[in-house]
Amino acid sequence: MSYFSELGLAEPILRALETKGYNDPTPIQRQAIPALLEGRDLLGIAQTGTGKTAAFSLPSLHRLAANPQPRKPASCRMLVLSPTRELAAQIADNIKGYAKNLKLMVDCVVGGVPIGKQARRLVGGTDILVATPGRLLDLIDNRALTLGRVEIFVLDEADQMMDLGFIHALKRVANLLPKTRQSLFFSATMPKSIEDLGKQFIQNPVRVEVAPQATTAERVDQFVTFLNQAEKQALLSLRIRALLADKTLDRALVFTRTKHGADRVVRNLNAAGIDARAIHGNKTQAQRTAALEAFRQGSSPVLVATDIAARGIDVSGVSHVFNFELPNVPEQYVHRIGRTARAGADGVAISFCGPDEKVYLRDIEKLTRVKLDQVPLPENFLAEAAKLPSAKRTPEQIQQDARREERDQRGRFGDRRDGRGGGAGRDGGRDGGRGRPQGQKPQGQRPAGDAPRGAEGERAEGAKPRRYHSSGAPGVGAHRNKVRRAS
Ligand code: AMP
(Lines give C-alpha, C1' and ligand atoms only; values in the text may rest on other atoms or scores of the structure.)
Protein backbone atom coordinates (compact mmCIF):
# COMPACT_ATOMS: atom_id res chain seq x y z
CA MET A 1 0.00 0.00 0.00
CA SER A 2 1.44 3.32 -1.00
CA TYR A 3 1.53 6.31 1.29
CA PHE A 4 -0.86 8.00 -1.13
CA SER A 5 -3.69 5.76 0.07
CA GLU A 6 -3.03 6.91 3.64
CA LEU A 7 -3.77 10.43 2.45
CA GLY A 8 -7.33 9.32 1.72
CA LEU A 9 -7.35 9.54 -2.07
CA ALA A 10 -9.98 7.53 -3.94
CA GLU A 11 -9.09 4.14 -5.34
CA PRO A 12 -9.28 5.04 -9.09
CA ILE A 13 -6.76 7.82 -8.43
CA LEU A 14 -4.47 5.48 -6.53
CA ARG A 15 -4.57 3.07 -9.47
CA ALA A 16 -3.57 5.84 -11.85
CA LEU A 17 -0.65 6.75 -9.58
CA GLU A 18 0.43 3.15 -9.49
CA THR A 19 0.50 3.07 -13.29
CA LYS A 20 2.66 6.17 -13.24
CA GLY A 21 5.01 4.54 -10.78
CA TYR A 22 4.56 7.10 -8.01
CA ASN A 23 5.14 5.40 -4.67
CA ASP A 24 5.58 8.21 -2.21
CA PRO A 25 4.14 11.68 -2.21
CA THR A 26 6.65 14.53 -2.58
CA PRO A 27 6.87 16.99 0.34
CA ILE A 28 4.41 19.43 -1.24
CA GLN A 29 1.95 16.62 -1.90
CA ARG A 30 2.24 15.38 1.67
CA GLN A 31 1.60 18.85 3.02
CA ALA A 32 -1.07 20.04 0.61
CA ILE A 33 -3.27 17.02 -0.12
CA PRO A 34 -4.92 16.55 3.33
CA ALA A 35 -5.86 20.25 3.60
CA LEU A 36 -7.12 20.35 0.02
CA LEU A 37 -9.25 17.25 0.56
CA GLU A 38 -10.93 19.18 3.37
CA GLY A 39 -11.75 21.97 0.93
CA ARG A 40 -9.32 24.52 2.34
CA ASP A 41 -7.77 27.30 0.23
CA LEU A 42 -4.04 27.00 -0.29
CA LEU A 43 -1.08 29.30 -0.74
CA GLY A 44 1.76 27.24 -2.17
CA ILE A 45 5.32 28.48 -2.48
CA ALA A 46 6.89 25.96 -4.78
CA GLN A 47 8.50 25.80 -8.15
CA THR A 48 7.92 23.40 -11.00
CA GLY A 49 9.64 20.10 -10.38
CA THR A 50 8.40 19.74 -6.82
CA GLY A 51 5.35 17.70 -7.81
CA LYS A 52 2.94 20.59 -7.35
CA THR A 53 0.74 19.63 -10.30
CA ALA A 54 -0.18 16.36 -8.62
CA ALA A 55 -0.42 18.20 -5.28
CA PHE A 56 -3.28 20.30 -6.57
CA SER A 57 -4.77 17.85 -9.09
CA LEU A 58 -5.16 14.72 -6.99
CA PRO A 59 -7.32 16.13 -4.18
CA SER A 60 -9.29 18.20 -6.69
CA LEU A 61 -10.04 15.12 -8.78
CA HIS A 62 -11.05 13.29 -5.61
CA ARG A 63 -13.48 16.05 -4.63
CA LEU A 64 -14.97 16.43 -8.10
CA ALA A 65 -15.43 12.67 -8.46
CA ALA A 66 -16.99 12.40 -5.00
CA ASN A 67 -19.69 14.85 -6.04
CA PRO A 68 -20.58 13.97 -9.65
CA GLN A 69 -22.43 16.66 -11.61
CA PRO A 70 -23.79 16.62 -15.17
CA ARG A 71 -21.72 18.83 -17.48
CA LYS A 72 -23.32 22.21 -18.19
CA PRO A 73 -22.87 24.03 -21.51
CA ALA A 74 -19.94 26.45 -21.81
CA SER A 75 -18.76 25.89 -18.27
CA CYS A 76 -16.24 24.01 -16.17
CA ARG A 77 -16.05 22.84 -12.56
CA MET A 78 -12.32 23.30 -12.12
CA LEU A 79 -10.21 26.01 -13.75
CA VAL A 80 -6.41 25.96 -13.79
CA LEU A 81 -4.63 29.08 -15.06
CA SER A 82 -1.06 28.78 -16.26
CA PRO A 83 1.21 31.52 -17.67
CA THR A 84 2.57 29.71 -20.72
CA ARG A 85 1.13 27.43 -23.35
CA GLU A 86 3.70 24.72 -22.80
CA LEU A 87 3.06 24.61 -19.09
CA ALA A 88 -0.72 24.58 -19.64
CA ALA A 89 -0.41 21.64 -22.05
CA GLN A 90 1.84 19.83 -19.61
CA ILE A 91 -0.55 20.36 -16.69
CA ALA A 92 -3.51 19.15 -18.77
CA ASP A 93 -1.57 16.03 -19.80
CA ASN A 94 -0.68 15.31 -16.19
CA ILE A 95 -4.27 15.74 -15.03
CA LYS A 96 -5.53 13.48 -17.83
CA GLY A 97 -3.13 10.81 -16.59
CA TYR A 98 -4.28 11.14 -12.97
CA ALA A 99 -7.95 11.18 -14.07
CA LYS A 100 -7.76 8.28 -16.46
CA ASN A 101 -9.90 5.98 -14.28
CA LEU A 102 -12.47 8.68 -13.58
CA LYS A 103 -15.33 9.97 -15.70
CA LEU A 104 -14.01 13.51 -15.66
CA MET A 105 -13.30 15.43 -18.84
CA VAL A 106 -10.12 17.51 -19.09
CA ASP A 107 -9.58 20.21 -21.72
CA CYS A 108 -6.83 22.73 -22.42
CA VAL A 109 -7.23 26.10 -24.15
CA VAL A 110 -4.24 28.26 -25.04
CA GLY A 111 -3.43 31.07 -27.46
CA GLY A 112 -1.57 30.67 -30.72
CA VAL A 113 -4.05 28.21 -32.20
CA PRO A 114 -7.47 28.94 -33.75
CA ILE A 115 -10.10 29.77 -31.17
CA GLY A 116 -13.06 28.33 -33.11
CA LYS A 117 -12.28 24.69 -32.41
CA GLN A 118 -11.77 25.40 -28.72
CA ALA A 119 -15.08 27.25 -28.56
CA ARG A 120 -16.85 24.32 -30.23
CA ARG A 121 -15.30 21.86 -27.79
CA LEU A 122 -16.64 23.92 -24.91
CA VAL A 123 -20.23 23.98 -26.15
CA GLY A 124 -21.15 20.98 -24.04
CA GLY A 125 -18.92 22.11 -21.16
CA THR A 126 -16.04 20.29 -19.53
CA ASP A 127 -15.15 19.24 -16.00
CA ILE A 128 -11.60 20.53 -15.81
CA LEU A 129 -10.21 23.34 -17.94
CA VAL A 130 -6.54 24.33 -18.09
CA ALA A 131 -6.02 27.70 -19.76
CA THR A 132 -3.69 30.60 -20.34
CA PRO A 133 -5.29 33.89 -19.22
CA GLY A 134 -5.53 35.64 -22.60
CA ARG A 135 -7.27 32.80 -24.38
CA LEU A 136 -9.55 32.23 -21.41
CA LEU A 137 -10.78 35.83 -21.58
CA ASP A 138 -11.14 35.65 -25.36
CA LEU A 139 -13.38 32.62 -24.97
CA ILE A 140 -15.39 34.39 -22.28
CA ASP A 141 -15.73 37.47 -24.50
CA ASN A 142 -16.90 35.21 -27.34
CA ARG A 143 -19.53 33.75 -25.02
CA ALA A 144 -17.99 30.33 -25.40
CA LEU A 145 -17.36 30.04 -21.66
CA THR A 146 -18.67 31.28 -18.34
CA LEU A 147 -16.97 30.89 -14.98
CA GLY A 148 -20.11 30.87 -12.84
CA ARG A 149 -19.87 27.14 -12.10
CA VAL A 150 -16.21 26.97 -11.10
CA GLU A 151 -15.88 25.02 -7.85
CA ILE A 152 -12.07 24.84 -7.75
CA PHE A 153 -9.78 27.55 -9.06
CA VAL A 154 -5.99 27.09 -9.38
CA LEU A 155 -3.64 29.93 -10.21
CA ASP A 156 -0.23 28.50 -11.07
CA GLU A 157 3.11 30.34 -11.31
CA ALA A 158 1.64 33.62 -10.09
CA ASP A 159 5.00 35.41 -10.17
CA GLN A 160 5.43 34.48 -13.79
CA MET A 161 1.90 35.70 -14.53
CA MET A 162 2.84 39.08 -13.08
CA ASP A 163 6.06 39.20 -15.08
CA LEU A 164 4.15 38.53 -18.26
CA GLY A 165 1.75 41.38 -17.53
CA PHE A 166 -1.32 39.28 -16.83
CA ILE A 167 -2.31 41.26 -13.74
CA HIS A 168 -5.35 42.91 -15.32
CA ALA A 169 -6.49 39.65 -16.88
CA LEU A 170 -6.26 37.98 -13.47
CA LYS A 171 -8.24 40.73 -11.79
CA ARG A 172 -10.97 40.27 -14.41
CA VAL A 173 -10.99 36.53 -13.83
CA ALA A 174 -11.25 37.12 -10.06
CA ASN A 175 -14.43 39.13 -10.62
CA LEU A 176 -15.98 36.46 -12.80
CA LEU A 177 -15.47 33.57 -10.40
CA PRO A 178 -18.26 32.60 -8.00
CA LYS A 179 -17.71 33.71 -4.42
CA THR A 180 -18.08 30.20 -3.03
CA ARG A 181 -15.24 28.10 -4.32
CA GLN A 182 -11.97 26.53 -3.34
CA SER A 183 -8.90 28.49 -4.48
CA LEU A 184 -5.28 27.42 -4.79
CA PHE A 185 -2.55 29.92 -5.45
CA PHE A 186 0.98 28.86 -6.37
CA SER A 187 4.11 30.89 -6.90
CA ALA A 188 7.81 30.08 -6.96
CA THR A 189 8.50 33.29 -5.07
CA MET A 190 6.30 35.34 -2.79
CA PRO A 191 7.25 39.02 -2.81
CA LYS A 192 4.65 41.40 -1.41
CA SER A 193 3.10 42.20 -4.80
CA ILE A 194 2.34 38.51 -5.36
CA GLU A 195 1.02 38.06 -1.85
CA ASP A 196 -1.31 41.01 -2.44
CA LEU A 197 -2.52 39.43 -5.67
CA GLY A 198 -3.11 36.19 -3.78
CA LYS A 199 -5.40 37.95 -1.31
CA GLN A 200 -7.83 38.59 -4.14
CA PHE A 201 -8.25 34.87 -4.67
CA ILE A 202 -7.72 32.97 -1.46
CA GLN A 203 -9.34 33.10 1.96
CA ASN A 204 -7.79 31.85 5.16
CA PRO A 205 -5.41 29.62 3.22
CA VAL A 206 -3.16 26.83 4.40
CA ARG A 207 0.37 27.93 3.62
CA VAL A 208 2.69 25.33 2.15
CA GLU A 209 6.29 26.07 1.35
CA VAL A 210 8.79 23.62 -0.18
CA ALA A 211 12.17 23.35 -1.85
CA PRO A 212 13.70 26.74 -1.37
CA GLN A 213 15.40 27.69 -4.58
CA ALA A 214 18.85 27.72 -3.08
CA THR A 215 18.42 24.16 -1.84
CA THR A 216 17.37 22.85 -5.22
CA ALA A 217 20.57 24.26 -6.65
CA GLU A 218 22.68 22.11 -4.38
CA ARG A 219 21.72 18.96 -6.25
CA VAL A 220 23.35 20.14 -9.45
CA ASP A 221 27.07 20.00 -10.22
CA GLN A 222 27.85 23.52 -11.27
CA PHE A 223 30.75 24.79 -13.33
CA VAL A 224 31.80 28.11 -14.73
CA THR A 225 34.24 29.06 -17.46
CA PHE A 226 35.48 32.63 -17.74
CA LEU A 227 35.83 33.75 -21.34
CA ASN A 228 34.99 36.51 -23.75
CA GLN A 229 31.59 36.74 -25.40
CA ALA A 230 33.19 36.07 -28.80
CA GLU A 231 34.59 32.75 -27.55
CA LYS A 232 31.32 31.40 -26.20
CA GLN A 233 29.91 29.89 -29.35
CA ALA A 234 33.04 27.91 -30.14
CA LEU A 235 33.28 26.61 -26.58
CA LEU A 236 29.62 25.59 -26.60
CA SER A 237 29.95 23.71 -29.88
CA LEU A 238 33.13 21.96 -28.74
CA ARG A 239 31.76 21.00 -25.34
CA ILE A 240 28.47 19.65 -26.68
CA ARG A 241 30.22 17.75 -29.44
CA ALA A 242 32.59 16.13 -26.93
CA LEU A 243 29.79 15.30 -24.48
CA LEU A 244 27.66 13.79 -27.25
CA ALA A 245 30.64 11.81 -28.56
CA ASP A 246 31.34 10.16 -25.22
CA LYS A 247 27.60 9.71 -24.57
CA THR A 248 27.68 11.73 -21.35
CA LEU A 249 25.03 14.10 -22.62
CA ASP A 250 21.44 12.90 -22.89
CA ARG A 251 19.71 16.20 -23.41
CA ALA A 252 21.02 19.72 -23.01
CA LEU A 253 19.17 22.96 -22.52
CA VAL A 254 21.07 26.06 -23.57
CA PHE A 255 19.87 29.38 -22.22
CA THR A 256 20.40 32.62 -24.06
CA ARG A 257 19.25 36.03 -23.00
CA THR A 258 17.62 36.96 -26.27
CA LYS A 259 15.46 35.32 -28.91
CA HIS A 260 17.78 36.25 -31.74
CA GLY A 261 20.72 35.07 -29.71
CA ALA A 262 18.97 31.70 -29.39
CA ASP A 263 18.49 31.50 -33.16
CA ARG A 264 22.12 32.35 -33.80
CA VAL A 265 23.36 29.73 -31.35
CA VAL A 266 21.17 27.13 -33.07
CA ARG A 267 22.52 28.08 -36.51
CA ASN A 268 26.08 27.71 -35.30
CA LEU A 269 25.44 24.43 -33.50
CA ASN A 270 23.78 23.08 -36.64
CA ALA A 271 26.75 24.22 -38.71
CA ALA A 272 29.00 22.29 -36.32
CA GLY A 273 26.92 19.17 -36.99
CA ILE A 274 24.90 19.26 -33.76
CA ASP A 275 21.14 18.76 -33.94
CA ALA A 276 19.68 21.67 -32.02
CA ARG A 277 16.45 23.64 -32.09
CA ALA A 278 15.27 26.88 -30.56
CA ILE A 279 12.20 27.61 -28.49
CA HIS A 280 11.18 31.19 -27.77
CA GLY A 281 8.35 33.65 -28.12
CA ASN A 282 9.02 34.54 -31.77
CA LYS A 283 8.40 30.96 -32.86
CA THR A 284 4.96 29.86 -33.93
CA GLN A 285 3.11 27.50 -31.66
CA ALA A 286 3.66 24.70 -34.18
CA GLN A 287 7.42 25.32 -34.19
CA ARG A 288 7.53 25.41 -30.42
CA THR A 289 5.58 22.19 -30.11
CA ALA A 290 7.75 20.47 -32.74
CA ALA A 291 10.99 21.61 -31.07
CA LEU A 292 9.81 20.44 -27.66
CA GLU A 293 8.65 17.10 -29.01
CA ALA A 294 11.96 16.49 -30.84
CA PHE A 295 13.77 17.32 -27.61
CA ARG A 296 11.50 15.13 -25.52
CA GLN A 297 11.92 12.18 -27.86
CA GLY A 298 15.68 12.71 -28.03
CA SER A 299 15.87 13.16 -31.81
CA SER A 300 17.15 16.70 -31.23
CA PRO A 301 19.22 16.51 -28.04
CA VAL A 302 19.88 20.24 -27.68
CA LEU A 303 17.20 22.83 -27.06
CA VAL A 304 18.18 26.48 -27.03
CA ALA A 305 15.73 28.58 -25.09
CA THR A 306 15.04 31.92 -23.53
CA ASP A 307 14.05 31.94 -19.89
CA ILE A 308 10.33 32.36 -20.22
CA ALA A 309 9.92 29.80 -22.97
CA ALA A 310 11.76 27.22 -20.89
CA ARG A 311 10.10 27.88 -17.60
CA GLY A 312 8.06 24.95 -16.47
CA ILE A 313 9.11 22.68 -19.32
CA ASP A 314 9.06 19.26 -17.76
CA VAL A 315 11.30 17.00 -19.80
CA SER A 316 12.97 14.26 -17.90
CA GLY A 317 16.51 13.29 -18.78
CA VAL A 318 17.93 16.80 -19.18
CA SER A 319 21.51 16.00 -18.22
CA HIS A 320 23.08 19.39 -18.91
CA VAL A 321 22.09 23.01 -18.66
CA PHE A 322 24.32 25.56 -20.37
CA ASN A 323 24.09 29.21 -19.48
CA PHE A 324 25.36 30.81 -22.66
CA GLU A 325 24.78 34.09 -20.88
CA LEU A 326 24.30 34.45 -17.17
CA PRO A 327 20.92 35.82 -16.11
CA ASN A 328 21.01 39.21 -14.40
CA VAL A 329 18.45 38.04 -11.83
CA PRO A 330 19.96 35.29 -9.67
CA GLU A 331 16.66 33.47 -9.08
CA GLN A 332 16.46 32.96 -12.83
CA TYR A 333 19.67 30.97 -12.64
CA VAL A 334 18.07 28.64 -10.14
CA HIS A 335 15.03 28.24 -12.38
CA ARG A 336 17.31 27.38 -15.27
CA ILE A 337 19.38 24.78 -13.52
CA GLY A 338 16.18 23.37 -12.02
CA ARG A 339 15.40 22.06 -15.54
CA THR A 340 17.99 19.38 -14.86
CA ALA A 341 18.15 17.39 -11.63
CA ARG A 342 14.41 16.71 -11.80
CA ALA A 343 12.64 13.97 -9.92
CA GLY A 344 15.68 13.04 -7.91
CA ALA A 345 18.17 12.85 -10.78
CA ASP A 346 21.36 14.83 -10.66
CA GLY A 347 22.43 17.20 -13.35
CA VAL A 348 25.24 19.38 -14.58
CA ALA A 349 25.06 23.12 -15.10
CA ILE A 350 27.76 24.90 -17.07
CA SER A 351 27.92 28.68 -17.16
CA PHE A 352 29.85 30.82 -19.58
CA CYS A 353 30.78 34.01 -17.79
CA GLY A 354 31.96 37.03 -19.79
CA PRO A 355 33.93 39.85 -18.18
CA ASP A 356 30.79 41.96 -17.75
CA GLU A 357 28.85 39.09 -16.18
CA LYS A 358 31.05 38.54 -13.14
CA VAL A 359 28.75 40.68 -11.04
CA TYR A 360 25.84 38.37 -11.93
CA LEU A 361 27.92 35.36 -10.95
CA ARG A 362 28.60 36.91 -7.55
CA ASP A 363 24.87 37.40 -6.96
CA ILE A 364 24.16 33.82 -8.02
CA GLU A 365 26.75 32.36 -5.68
CA LYS A 366 25.42 34.49 -2.87
CA LEU A 367 21.85 33.33 -3.41
CA THR A 368 22.58 29.65 -3.92
CA ARG A 369 25.38 29.49 -1.38
CA VAL A 370 27.18 27.30 -3.88
CA LYS A 371 30.61 28.14 -5.23
CA LEU A 372 30.75 27.22 -8.90
CA ASP A 373 33.77 25.12 -9.90
CA GLN A 374 35.99 26.95 -12.34
CA VAL A 375 36.87 25.13 -15.54
CA PRO A 376 39.46 26.82 -17.76
CA LEU A 377 39.22 26.92 -21.52
CA PRO A 378 40.69 23.76 -23.05
CA GLU A 379 44.42 24.07 -23.81
CA ASN A 380 43.92 23.58 -27.53
CA PHE A 381 40.83 25.80 -27.58
CA LEU A 382 41.92 28.29 -30.24
CA ALA A 383 43.14 25.61 -32.65
CA GLU A 384 39.95 23.56 -32.18
CA ALA A 385 37.74 26.62 -32.46
CA ALA A 386 39.40 27.61 -35.72
CA LYS A 387 38.46 24.24 -37.21
CA LEU A 388 34.77 24.66 -36.41
CA PRO A 389 32.52 25.44 -39.33
CA SER A 390 30.28 28.39 -38.47
CA ALA A 391 26.92 29.31 -39.91
CA LYS A 392 27.42 31.17 -43.16
CA ARG A 393 25.91 34.64 -42.97
CA THR A 394 26.01 37.47 -45.44
CA PRO A 395 27.35 40.78 -44.06
CA GLU A 396 23.78 42.18 -44.30
CA GLN A 397 22.41 39.29 -42.24
CA ILE A 398 25.13 39.78 -39.65
CA GLN A 399 24.34 43.48 -39.39
CA GLN A 400 20.62 42.77 -39.18
CA ASP A 401 21.23 40.19 -36.46
CA ALA A 402 23.35 42.61 -34.47
CA ARG A 403 20.67 45.32 -34.69
CA ARG A 404 17.91 42.93 -33.63
CA GLU A 405 19.91 41.64 -30.77
CA GLU A 406 20.76 45.08 -29.53
CA ARG A 407 17.04 45.87 -29.62
CA ASP A 408 16.26 42.66 -27.74
CA GLN A 409 18.85 43.34 -25.08
CA ARG A 410 17.69 46.90 -24.54
CA GLY A 411 14.03 45.95 -24.32
CA ARG A 412 14.48 42.86 -22.24
CA PHE A 413 17.30 43.25 -19.78
CA GLY A 414 18.92 46.64 -19.97
CA ASP A 415 20.58 47.33 -16.70
CA ARG A 416 17.54 46.50 -14.67
CA ARG A 417 19.16 44.54 -11.95
CA ASP A 418 16.66 45.31 -9.24
CA GLY A 419 13.92 43.04 -10.43
CA ARG A 420 12.94 40.08 -12.46
CA GLY A 421 10.98 41.82 -15.08
CA GLY A 422 12.94 42.75 -18.16
CA GLY A 423 13.62 39.18 -19.14
CA ALA A 424 10.01 38.33 -19.61
CA GLY A 425 8.98 40.49 -22.53
CA ARG A 426 6.30 38.88 -24.62
CA ASP A 427 8.28 35.73 -24.76
CA GLY A 428 6.23 32.74 -23.80
CA GLY A 429 3.26 34.94 -23.07
CA ARG A 430 2.14 35.03 -26.70
CA ASP A 431 -1.32 34.33 -25.62
CA GLY A 432 -3.94 36.01 -27.70
CA GLY A 433 -1.99 39.26 -27.51
CA ARG A 434 -3.00 39.89 -23.94
CA GLY A 435 0.41 39.71 -22.38
CA ARG A 436 2.20 42.90 -21.55
CA PRO A 437 2.46 45.10 -24.63
CA GLN A 438 6.02 45.57 -25.75
CA GLY A 439 7.78 48.33 -23.97
CA GLN A 440 5.37 48.36 -21.04
CA LYS A 441 7.03 48.00 -17.70
CA PRO A 442 6.65 44.60 -16.13
CA GLN A 443 4.57 44.41 -13.01
CA GLY A 444 5.42 42.96 -9.69
CA GLN A 445 9.13 43.51 -9.77
CA ARG A 446 10.93 42.12 -6.84
CA PRO A 447 13.13 44.43 -4.86
CA ALA A 448 16.78 43.51 -4.68
CA GLY A 449 17.62 41.10 -1.93
CA ASP A 450 14.17 39.58 -1.72
CA ALA A 451 15.48 36.15 -0.97
CA PRO A 452 13.44 33.06 -1.73
CA ARG A 453 11.93 31.35 1.25
CA GLY A 454 11.36 27.85 2.19
CA ALA A 455 12.15 25.30 4.75
CA GLU A 456 12.14 21.89 3.25
CA GLY A 457 14.50 20.67 0.61
CA GLU A 458 14.12 17.74 -1.73
CA ARG A 459 17.73 16.81 -2.08
CA ALA A 460 18.13 13.43 -3.71
CA GLU A 461 20.29 11.33 -1.50
CA GLY A 462 22.84 8.97 -2.90
CA ALA A 463 22.27 9.92 -6.53
CA LYS A 464 25.37 9.55 -8.67
CA PRO A 465 26.90 12.82 -9.78
CA ARG A 466 27.22 13.22 -13.51
CA ARG A 467 30.42 14.27 -15.14
CA TYR A 468 30.77 17.51 -16.98
CA HIS A 469 33.04 15.99 -19.59
CA SER A 470 35.54 13.23 -19.84
CA SER A 471 38.45 15.13 -21.29
CA GLY A 472 40.10 15.44 -17.91
CA ALA A 473 39.99 19.17 -17.47
CA PRO A 474 41.21 20.14 -14.04
CA GLY A 475 38.61 20.68 -11.38
CA VAL A 476 36.00 18.73 -13.27
CA GLY A 477 34.42 15.43 -12.51
CA ALA A 478 32.83 13.42 -9.83
CA HIS A 479 33.15 15.78 -6.91
CA ARG A 480 30.34 17.97 -5.78
CA ASN A 481 30.31 21.68 -5.45
CA LYS A 482 31.27 22.95 -2.09
CA VAL A 483 28.18 24.22 -0.38
CA ARG A 484 28.97 27.30 1.56
CA ARG A 485 26.48 27.85 4.28
CA ALA A 486 25.96 31.49 4.90
CA SER A 487 26.27 32.30 8.54
P1 AMP B 1 5.61 19.15 -11.29
O2 AMP B 1 6.31 19.93 -10.21
O3 AMP B 1 4.17 19.02 -11.03
O4 AMP B 1 5.93 19.70 -12.65
O5 AMP B 1 6.19 17.65 -11.27
C6 AMP B 1 7.52 17.35 -11.59
C7 AMP B 1 7.69 15.91 -12.05
O8 AMP B 1 7.62 14.99 -10.97
C9 AMP B 1 6.65 15.45 -13.05
O10 AMP B 1 7.33 14.77 -14.09
C11 AMP B 1 5.77 14.51 -12.29
O12 AMP B 1 5.25 13.51 -13.15
C13 AMP B 1 6.72 13.92 -11.28
N14 AMP B 1 6.06 13.54 -10.00
C15 AMP B 1 5.11 14.23 -9.35
N16 AMP B 1 4.77 13.61 -8.19
C17 AMP B 1 5.55 12.51 -8.10
C18 AMP B 1 5.66 11.46 -7.13
N19 AMP B 1 4.93 11.44 -6.01
N20 AMP B 1 6.55 10.48 -7.38
C21 AMP B 1 7.31 10.50 -8.50
N22 AMP B 1 7.25 11.46 -9.46
C23 AMP B 1 6.37 12.46 -9.27
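Everything numeric in this text was worked out from a predicted model, so none of it was measured. (Residues numbered from 1 in each chain as written. Predicted model: local features only at pLDDT ≥ 70, side-chain atom pairs only at ≥ 80, totals over all residues. Heavy atoms only, no water.)

Draft legend 1. Structural view of the nonpolar core. Membership of the largest hydrophobic core comes to 43 residues, with the highest contact counts inside it found for Phe 56, Leu 58, Leu 61 and Ile 95. Leave out the neighbours within four places in its chain, and Leu 58 touches Phe 4, Leu 9, Ile 13, Leu 17, Ile 33 and Tyr 98. Counting residues in each nonpolar core, the second largest holds 37 residues, with Val 109, Leu 136, Phe 153 and Leu 170 among its members. (Core = buried A, V, L, I, M, F, W, Y, C linked by side-chain atoms within 4.5 Å. Buried < 20%, exposed > 50% of the residue type's maximum accessible area, 1.4 Å probe, protein only. Contact = heavy atoms within 4.5 Å.)

Draft legend 2. Local environment of the site of the ligand. Not every one of the 14 residues close to the ligand is listed here, only the nearest: Tyr 22, Gln 29, Gly 49, Gly 51 and Thr 53. Contact between the ligand and Thr 50: an oxygen atom at 3.1 Å from a main-chain N or O atom of the residue. Note that an oxygen atom of the ligand is positioned 2.6 Å from one of the side-chain N or O atoms of Thr 53. When the ligand is considered free in solution it has 490 Å² of accessible area, and contact with the protein chains removes 83% of it. Taken together, the residues of the shell around the ligand sort by class into three nonpolar, seven polar and four charged. (Near = heavy atom within 4 Å. Polar contact = N/O pair within 3.5 Å; in protein donor to acceptor, adjacent residues only side chain to side chain. Areas by Shrake-Rupley, 256 points an atom, 1.4 Å probe, with all protein chains shown as cover. Nonpolar A, V, L, I, M, F, W, Y, C, P; charged D, E, K, R; others polar.)

Draft legend 3. Expanded view of the packing of aromatic side chains. Inspection of every chain in the model, using the stated rule, returns six aromatic pairs. The interplanar angle of 45° and the centroid separation of 5.5 Å between the aromatic rings of Phe 56 and Phe 186 together place this pair among those described as tilted. With Phe 56 in helix H4 (residues 52-66) and Phe 186 in strand E6 (residues 182-187), this residue pair connects regions lying 130 residues apart in the sequence. Considered together, Phe 56 and Phe 186 belong to a single accessibility category, that of buried residues. Centre to centre, the rings of Phe 153 and Phe 201 are 5.2 Å apart; their planes meet at 25°, and the pair counts as stacked. Within this pair, whereas Phe 153 is found in strand E5 (residues 152-155), its partner Phe 201 is found in the loop between helix H10 (192-199) and strand E7 (206-209), the two being separated by 48 residues in sequence. Under the relative-accessibility criterion, Phe 201 is labelled buried at 4%. Each member of the aromatic cluster is reached from another via a ring pair, and the members are Phe 153, Phe 185 and Phe 201. (Phe/Tyr/Trp six-rings, centres within 6.5 Å; stacked < 30°, edge-to-face > 60°. Helix = DSSP H or I, 4+ residues; strand = E, 2+ residues; numbered from the N terminus.)

Draft legend 4. Representation of the pairing of E7 within the structure. Side-chain alternation along E7 places Val 206 and Val 208 on a buried face and Arg 207 and Glu 209 on a face that remains uncovered. Inspection of the sheet shows strand E1 (residues 42-45) paired to E7 by four bridges, in the parallel sense. Within the sheet, the bridge partner assigned to Gly 44 lies in E7 and is Val 208. (Pairing = 2+ DSSP bridges.)

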